[in-house]
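# Geometric and topological summary
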Amino acid sequence: AGMEGSGDASPAGADWRLVLWTLCSVLLPVLITAWCSFQRSRRQLLIRDIFRKSKHDWHYTDLFGSPSYCCVCAQHILRGAFCSCCGLRVCEPCLKKADRRFLCKEIMMRGTAGAPSSMPHHWIRGNVPLCSCCMVCKQQCGTQPKLCDYRCVWCQYTVHDECMVDCLRTENCTFGEFKDLIIPPYYLSAINQMRKEKRTSYEKVVPYCSKHWIPVMVLANTRSGNNMGEIFLGEFKMLLNPVQVFDLSKIAPAKALQLCTWLPCNAVRVLVCGGDGTVGWVLDAIDEMKIKGQERYIPQVAVLPLGTGNDLSNTLGWGAGYAGEVPVEQILRNVMEADGIKLDRWKVQVTNKGYYNLRKPKVFTMNNYFSVGPDALMALNFHAHREKTPSLFSSRIINKAVYFFYGTKDCLVQECKDLNKKVELELDGERIELPNLEGIIVLNIGYWGGGCRLWEGMGDEPYPLARHDDGLLEVVGVHGSFHCAQIQVKLANPVRLGQAHTVRLILKSSKMPMQVDGEPWAQGPCTVTITHKTHALMLYHSGEQTDDDDASSLSE
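Residues numbered from 1 in each chain as written. Predicted model: local features only at pLDDT ≥ 70, side-chain atom pairs only at ≥ 80, totals over all residues. Heavy atoms only, no water.

### Topic: the side chain of His 122
On the secondary structure map, His 122 appears in the loop between helix 2 (95–101) and strand 6 (123–125). Non-local contacts of His 122, meaning those with residues more than four positions away in its chain, are made with Leu 103, Cys 104, Lys 105, Arg 151, Cys 152, Val 153 and Trp 154. (Helix = DSSP H or I, 4+ residues; strand = E, 2+ residues; numbered from the N terminus. Contact = heavy atoms within 4.5 Å.)

So, in structure tokens, the structure goes:
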């Protein structure tokens with residue numbers, strides 16, 4: 001009987017053990033995963049807390065783009081944190097220790113008596129650029145697979161470990177190649193002291209800086225050009241004083257440009273990293289400075305083209321689009337060497353018909369062009385599509401493909417036909433008889449539609465060259481989207497309607513698409529008046545001329 005009882009209990013015990021092991025095999029991975037997730041989130045919170053409180057501009061990366069070594073433990077690291085201002089690189093366990101041990105670039109000198117006119121090198125050990133040379137022995141630095149050699153975060157000079165001597169640690173920094181562009185921390189300290197004492201004679205401080213000092217400010221739109229603006233922010237902070245570099249997604253141009261009032265009159269240059277819309281945004285902020293009586297602090301503006309069209313930057317010689325092919329150092333050299341020119345800016349006033357004039361007219365500022373017709377329709381469709389799904393429009397190639405799609409569609413549908421029957425056009429008060437057209441484009445600059453010289457067309461007819469500083473607008477007509485495409489590949493000429501100082505366009509009936517500098521809208525019956533508003537001080541880079549530009553310069 002005892003044997004029978006034990007035989008009955010044995011299967012039951014085996015079942016319970018099976019259930020227990022099954023529960024363990026299911027619950028244990030779940031518990032381990034939950035614990036790891038909790039630890040990861042806790043670690044991320046600690047890292048974020050360090051980032052928030054730190055004076056370093058820390059960023060975390062899962063993979064460094066070049067061989068990297070932790071500045072604390074000297075171990076080779078694949079991922080970790082890096083400071084975009086001073087270039088420190090650390091592994092995650094050493095982050096807190098590095099944040100306490102190493103100072104970042106100081107934008108303003110502190111704890112100094114009087115007005116200093118120099119400062120020592122700020123050396124950081126390890127992770128020097130692979131192509132750098134030692135300032136002492138002139139041999140290549142950073143060649144050994146370990147944490148070695150030093151780099152000054154201001155002048156970018158590098159020194160071998162064995163070449164580093166005590167005199168170099170206390171030697172005054174010259175700020176290197178870009179000394180004419182950098183705002184020295186001791187200059188800002190002196191200006192800050194003068195402002196506290198309510199003195200405004202800043203020119204007395206300038207001799208402490210370089211003789212040919214032309215400080216540059218960088219205003220980057222991080223949402224332009226595949227988010228390349230985010231990369232440029234870090235690279236410019238490494239080469240310049242971080243106080244000179246601004247993220248326009250966090251600070252408005254009007255506020256950023258107030259730094260100009262701390263600097264010498266008529267000396268500042270501004271590099272705008274973004275599309276033509278970003279440039280217009282900055283130029284509007286500069287106009288506000290004029291209204292505030294700060295005209296003597298107005299800077300000259302250069303462009304790093306990160307947008308889709310980039311017609312203004314192309315006109316000014318900065319190219320049709322930047323994709324990282326030119327080093328940041330060369331961009332700063334181009335800004336130093338660029339020539340100052342003027343750019344006409346125009347007031348576009350749109351007054352709706354009817355409503356007993358109760359509605360205020362819409363007022364725009366135009367830098368590039370105004371249009372009504374097929375190209376405005378393409379821009380309107382593109383804009384509506386981008387508003388619905390902005391994540392799809394992060395690439396310049398995709399943006400141009402969408403424009404091509406809507407242009408092809410309009411070739412078949414012809415939504416803007418018989419425009420000449422719907423509008424009246426006046427140039428300097430003189431009525432213009434319009435041929436059969438689908439679109440009218442008013443140009444201020446040479447380029448249109450992403451790199452096409454619209455006014456010149458095929459270049460086979462003698463017409464006055466389009467200029468952006470002569471106070472004249474060029475007015476052309478197009479027969480449709482297919483005609484626009486032919487002009488872009490130089491297979492057709494536009495319908496040249498004339499040049500004028502003032503343009504007046506009356507939309508008599510129906511609703512038509514319009515745009516000013518790529519900002520489109522659907523417009524009912526109205527009167528559009530374009531008059532000269534002001535000049536903007538721009539910088540022209542002669543090194544990026546296209547074949548069309550060369551031909552134009554030869555004909556002059």
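### Digging into the packing of aromatic side chains
Two aromatic rings are characterised by how far apart their centres lie and by the angle between their planes. One pass over the structure, following the stated rule, counts seven aromatic pairs. Consider the rings of Tyr 187 and Trp 213, whose centres lie 4.8 Å apart with planes at 70°: the pair is edge-to-face. Taken as a pair, Tyr 187 in helix 4 (residues 185–196) and Trp 213 in the loop between helix 4 and strand 9 (216–220) lie far apart in primary sequence, 26 residues in all. As far as the burial class goes, Tyr 187 and Trp 213 line up, both buried. (Phe/Tyr/Trp six-rings, centres within 6.5 Å; stacked < 30°, edge-to-face > 60°. Buried < 20%, exposed > 50% of the residue type's maximum accessible area, 1.4 Å probe, protein only.)

### Examining the confidence of the model for the protein chain
Looking at the protein chain as a whole, the pLDDT averages 84, with 85% of positions reaching at least 70. Here residues 1–7 is modelled with pLDDT under 50, and outside its nearest four sequence neighbours on either side it reaches zero contacts, counting other chains as well. (pLDDT = per-residue confidence, 0-100.)

### Things to note about the packing of helix 5 (residues 228–239) against helix 9 (residues 328–337)
The interhelical angle for the contact between helix 5 and helix 9, taken along N-to-C directions, is 70°, at an axis separation of 10 Å. Considering the angle they form, helix 5 stands roughly perpendicular to helix 9. Along this stretch, helix 5 crosses helix 9, giving a crossing that reads as right-handed. Side by side, helix 5 and helix 9 meet where Phe 232, Glu 235, Phe 236 and Leu 239 of the first sit next to Val 328, Glu 329, Ile 331 and Leu 332 of the second. For the contact of helix 5 with helix 9, the class distribution of residues is six nonpolar, no polar and two charged. (Axes fitted to C-alpha atoms, helices over the stretch in contact; angles between N-to-C directions. Parallel < 35°, antiparallel > 145°, perpendicular 65-115°, else oblique. Left-handed = near helix turned anticlockwise from the far one by under 90°. Nonpolar A, V, L, I, M, F, W, Y, C, P; charged D, E, K, R; others polar.)

### Some details on the environment of Phe 236
Mapping Phe 236 onto the fold places it in helix 5. Sequence separation between Phe 236 and Cys 85 is 151 residues, and the spatial gap between their C-alpha atoms is 8.4 Å. Leaving out residues up to four positions away in the same chain, Phe 236 has contacts with Val 218, Val 245, Leu 271, Cys 273, Val 328, Ile 331 and Leu 332.

### Some thoughts on the sheet that holds strand 8 (residues 158–159)
Reading across from one edge, 6-7-8 is the order of the three strands in this open sheet, with antiparallel pairing throughout. With partners counted over all chains shown, the strands left at the sheet margins are strand 6 and strand 8, one partner each. Pairing between strand 7 (residues 150–152) and strand 8: two bridges, direction antiparallel. Following the sheet pairing, Arg 151 is matched in strand 8 by Thr 158. (Pairing = 2+ DSSP bridges.)

### Quick notes on the side chain of Asn 420
Mapped onto the secondary structure, Asn 420 falls in the loop between helix 11 (396–413) and strand 16 (423–427). The exposure class of Asn 420 is buried, given its relative accessible area of 19%. At 3.2 Å, the side chain of Asn 420 and the backbone nitrogen of Leu 437 are in polar contact. When neighbours within four sequence positions are excluded, Asn 420 is seen to be in contact with Leu 434, Pro 435, Asn 436 and Leu 437. (Polar contact = N/O pair within 3.5 Å; in protein donor to acceptor, adjacent residues only side chain to side chain.)

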